[in-house]
Amino acid sequence: MDSIKPLRDFVLELTHAVEKFGQDEPAMLRAGKKLLARLIARDDWLPPEFAQVHADTYRQYLLYCDPLERFSVVSFVWGPGHCTPVHDHTVWGLIGVLRGSEKCEEYERAGDARAMRKTGEHIVGPGGIDAVSPTVGDIHTVSNALSDRPAVSIHVYGANIGAVKRHVYARETGVIKPFVSGYSNSTIPNLWDRSADPG
């Protein structure tokens, strides 16, 4: 890691964007996508402890949460074979792939006691960005698209996503179960120590 400055700059710029566009989801997604694209265009800022692969399942590491919980920034780390259940978010979100590739499969409910209906799937490679929200499509699974190496993505959500009451869906029956994801880490990066900044 050269410097965490790109993440700090992203957090500062996203704070301004939330202040300006926070109530206008399409504008917020457009602004956030530009900022996230710039952040994931380089791969020298994510501290290694927030990119650690776990043998059994994917990891969700909190990198920053706005003090008013208007947004959060999270790194997701996927080993080969790791996959989420079918789930929703209930808030806007942007997913930018930093390393590797991820497969996204979109779903919608077909009614009570009916299997979830798959509506599409796609692969997102390094530098690619996906959006989710109740208005643009909010139910999906995400998995590592590669069988031989990890994938790392940076997610930005319009809330403290680890504390949001969300839902997982049984693929075969559509049964909904509430969940709160939490985070895999107990510490977050120190964004405010400028002593390591170049120049």
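Residues numbered from 1 in each chain as written. Predicted model: local features only at pLDDT ≥ 70, side-chain atom pairs only at ≥ 80, totals over all residues. Heavy atoms only, no water.

(A) Structural context of empty space enclosed by the protein. Applying the stated rule across the entire model yields one cavity of 30 Å³ or more. In this structure, the largest cavity encloses a volume near 80 Å³. Around the largest cavity, the lining residues are Ile95, Val97, Glu102, Lys103, Cys104, Val124, Asp130, Val132, His140 and Val142. The biggest single contributor to the lining of the largest cavity is strand E5 (residues 102–108), with three residues. (1 Å grid on protein atoms, 1.4 Å probe; cavity = no way out; pocket = protein on both sides within 12 Å on 5 of 7 lines; lining within 4 Å. Points joined across faces, edges and corners; volume = space filled by probe spheres on them. Helix = DSSP H or I, 4+ residues; strand = E, 2+ residues; numbered from the N terminus.)

(B) Geometry of the layout of surface pockets. Roughly 250 Å³ of internal volume is contained in the largest pocket. Around the largest pocket, the lining is made up of 22 residues, and of these Tyr58, Gln60, Phe76, Arg166 and Ser181 lie nearest the centre. Considering only residue class, the lining of the largest pocket consists of 10 nonpolar, 10 polar and two charged. (Nonpolar A, V, L, I, M, F, W, Y, C, P; charged D, E, K, R; others polar.)

(C) Focus on the packing of aromatic side chains. Under the criterion given, the structure shown has five aromatic pairs. Aromatic ring contacts, followed pair by pair, group Tyr58, Phe76 and Trp78 into a single cluster. (Phe/Tyr/Trp six-rings, centres within 6.5 Å; stacked < 30°, edge-to-face > 60°.)

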